[in-house]
Amino acid sequence: MALRPYWKGYLKLSLVTCPVQMTPATSESEKVRFHTLNRKTKHRVVSRYIDSVTGEEVDDGDEVKGYQRGENDYVLLEDEELENVALESTKTIDINVFTPRDHIEWIWLDTPYYLAPDDPVGEEAFSVIRDAMAAENMVGISRLVISRRERAIMLEPRDKGIVLWTLRYGDEVRDETVYFDSIDEAPAEAAMMPLIQQLIKKQTVHWSPKMVEDPIQEKLHELIELKKRAAKKAGKTNSKSKPDAATGNVINIMDALRKSVEAETRTGKR
C-alpha cells in the first residue's frame, strides 16, 4: 500500500516545471517498539515538559523555541516567525547544477526518498528531466527545506522515478586520512593473495535482502508470541482454578527459548 506523501511541491529545471511528491524510501515501522509502563498499574508512562527551575509542568501553549546567546539569555522565536522564514526551496526543487554520479561518494548520502509526479499532466516534464539525467549518467544537485532546515539534495534517476538523497553537511563528514594514514603502506603478502581471492570467489553470492535481516527482531517477535500464548493459557487456567504462583509461565517461556537456541546451535554445527 502506497504511503501518504511526506512532501509535495515542484521540480524545476530552467523553464520546465512539474508538480511532484516525495515519500520516504525506508521505513522502521516493522520494528518491534516498546512502551514504558508502570509495573504496578500496567498503565503507560507519559513524558511531559518540566520547567528546569520551578519544577512545574509547562502547558503546550507556553512552549516556545529559543536560541541561546548567553547564559540564561535566549532569543525567543514564535512558530509563526519560523514559518515566515520561507525560502523558495520550501516548495520548489530547482535544479541548477549537475554532476557525474560517480563523483559523489557514499559517505555524503544521508536519507533516501522517492520522488514521483503528483499528477498525470506533469508526467511528461518529469520523464524528460529523469531520462535526460539517465542518458548523461548525471545527477542533479539542488536544495530543499526539510524540517525547517535547508538541505543539499541529490536527484538520481531510477527506473520510472527519481531517488532524492539528502546530503550530509560538510562539517558532518570526517576526514578519512586521520584514521587511515597510520595503516602500513606495505602491499599484502603475495603468497596469501591467491588464497584470499579463492575464498572470495567461493563465498560470492547474489545480493539478497535476506543478508540484512535482523535476527534480534525475529527473536523479539517469537518472545512476544510466546508471552501472548502463555497469557492466553493462563487465562483459561485461571477461569477454572486460581494458581498458587505466577512463575510457571515465565519458566515455560525460558525453557522454550533455551530449546530454540539449542536447536539452532545444533543446526548450525551441521
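Residues numbered from 1 in each chain as written. Predicted model: local features only at pLDDT ≥ 70, side-chain atom pairs only at ≥ 80, totals over all residues. Heavy atoms only, no water.

### Let's talk about the overall build of the protein chain
A tally of helices and strands in the protein chain yields six helices and 10 strands. For the protein chain, buried positions account for 19% of its 270 residues. Look at the contacts in the protein chain between residues 6 or more apart in sequence, and 60% of them connect residues 24 or more apart. With the model as given, the accessible surface of the protein chain reaches about 22200 Å², and the carbon-plus-sulfur share is 54%. (Helix = DSSP H or I, 4+ residues; strand = E, 2+ residues; numbered from the N terminus. Buried < 20%, exposed > 50% of the residue type's maximum accessible area, 1.4 Å probe, protein only. Contact = heavy atoms within 4.5 Å. Areas by Shrake-Rupley, 256 points an atom, 1.4 Å probe, with all protein chains shown as cover.)

### A few points about the confidence of the model for the protein chain
Here the protein chain shows a mean pLDDT of 82. Residues at 70 or above account for 83%. The lowest-confidence element of the protein chain is helix 6 (residues 248-269), averaging 54 in pLDDT; the highest-confidence one is strand 10 (residues 161-167), averaging 96. Long-range and interchain partners of residues 243-253, a stretch whose pLDDT sits below 50, account for seven contacts in this model, where long-range means more than four residues apart. (pLDDT = per-residue confidence, 0-100.)

### Focus: the sheet that holds strand 5 (residues 92-94)
As summarised here, the arrangement of the eight strands in space is 5-1-2-7-10-9-8-6, forming an open sheet in which the pairing is mixed. Strands with a single pairing partner mark the edges of an open sheet, and in this sheet they are strand 5 and strand 6 (97-100). For this sheet the average axis-to-axis angle between neighbouring strands, irrespective of direction, equals 40 degrees. As defined by bridge partners, strand 7 (residues 109-117) adjoins strand 10 across five bridges and the pair is classed as antiparallel. Bridge pairing in strand 10 links Tyr 114 to Val 163. Across the sheet, helix 2 (residues 123-136) is in contact with strand 1 (7-13), strand 2 (16-24), strand 6, strand 7, strand 8 (138-146), strand 9 (149-158) and strand 10; its angle to strand 2 comes to roughly 80 degrees. (Pairing = 2+ DSSP bridges. Axes fitted to C-alpha atoms, helices over the stretch in contact; angles between N-to-C directions.)

### Quick look at the pattern of salt bridges
Applying the stated criterion across every chain yields a total of eight salt bridges. Between Asp 110 and Arg 151 there is a salt bridge; the shortest N-O distance is 2.9 Å. Separated by 41 residues along the polypeptide, Asp 110 in strand 7 and Arg 151 in strand 9 bring together distant segments of the chain. Residue class for Asp 110 comes out partly exposed when judged on its relative accessible area of 28%. You can call Arg 151 buried: its relative accessible area is 14%. Here Lys 228 and Glu 225 are joined by a salt bridge, their closest N and O atoms 3.2 Å apart. (Salt bridge = Lys/Arg side-chain N within 4 Å of Asp/Glu carboxyl O.)

### Remarks on the pairing of strand 4 (residues 73-77)
Looking at chain direction, strand 3 (residues 65-70) and strand 4 are connected through five bridges and run antiparallel. Bridge pairing links Gly 70 to Asp 73 in strand 4. Where strand 3 hands over to strand 4, the hairpin turn is made up of two residues, of which Asn 72 adopts a positive phi near 55 degrees.

### What to know about the environment of Asp 60
Along the chain, Asp 60 falls in the loop between strand 2 and strand 3. On a C-alpha basis, the gap between Asp 60 and Tyr 49 in space is 8.7 Å, while along the polypeptide they are 11 residues apart.

### Concerning the environment of Phe 98
By the secondary structure assignment, Phe 98 is in strand 6. Here Phe 98 falls in the partly exposed class, since its relative accessible area comes to 37%. When neighbours within four sequence positions are excluded, Phe 98 is seen to be in contact with Leu 13, Met 133, Val 139 and Gly 140.

### Topic: the nonpolar core
Counting residues in each nonpolar core, the largest one holds 19 residues, and the members touching the most others are Leu 11, Met 22, Ile 93, Leu 115, Leu 144, Leu 155 and Leu 164. When residues of this core are traced back to their parent elements, those giving at least two are strand 1, strand 2, strand 7, helix 2, strand 8, strand 9 and strand 10. With four residues, helix 2 is the largest single contributor of residues to this core. Contacts of Leu 164, omitting those with residues within four sequence positions, involve Met 22, Ile 93, Thr 111, Pro 112, Tyr 113, Leu 115, Leu 144, Ile 153, Met 154 and Leu 155. One finds Leu 109, Ile 141, Met 154 and Val 163 within the second-largest nonpolar core, a separate group that totals nine residues. (Core = buried A, V, L, I, M, F, W, Y, C linked by side-chain atoms within 4.5 Å.)

### What about a nonpolar patch on the surface?
Together, Val 178, Tyr 179, Phe 180 and Ile 183 make up an exposed nonpolar region whose accessible area comes to about 450 Å². Within the element layout of this structure, Ile 183 appears in the loop between helix 3 (177-180) and helix 4 (193-202). (Patch = residues over 30% accessible without salt bridge, like charges linked within 9 Å, V, L, I, M, F, W, Y side chains within 5 Å.)

### Some thoughts on a negative patch on the surface
Together, Glu 105, Asp 175, Glu 176, Asp 181, Asp 184 and Glu 185 give the surface a local cluster of negative charge. Along the chain, Asp 175 turns up in the loop between strand 10 and helix 3. (Lys, Arg positive; Asp, Glu negative; His and termini not counted. Charge placed at Lys NZ, Arg CZ, Asp CG, Glu CD.)

### Thoughts on unusual backbone geometry
Positive phi, close to 65 degrees, is recorded for Lys 42, a residue that is not glycine. Turning to its location among the elements, Lys 42 is positioned in the loop between strand 2 and strand 3. Of note in this structure, Asp 159 is not a glycine but carries a positive phi near 55 degrees. Along the chain, Asp 159 falls in the loop between strand 9 and strand 10.

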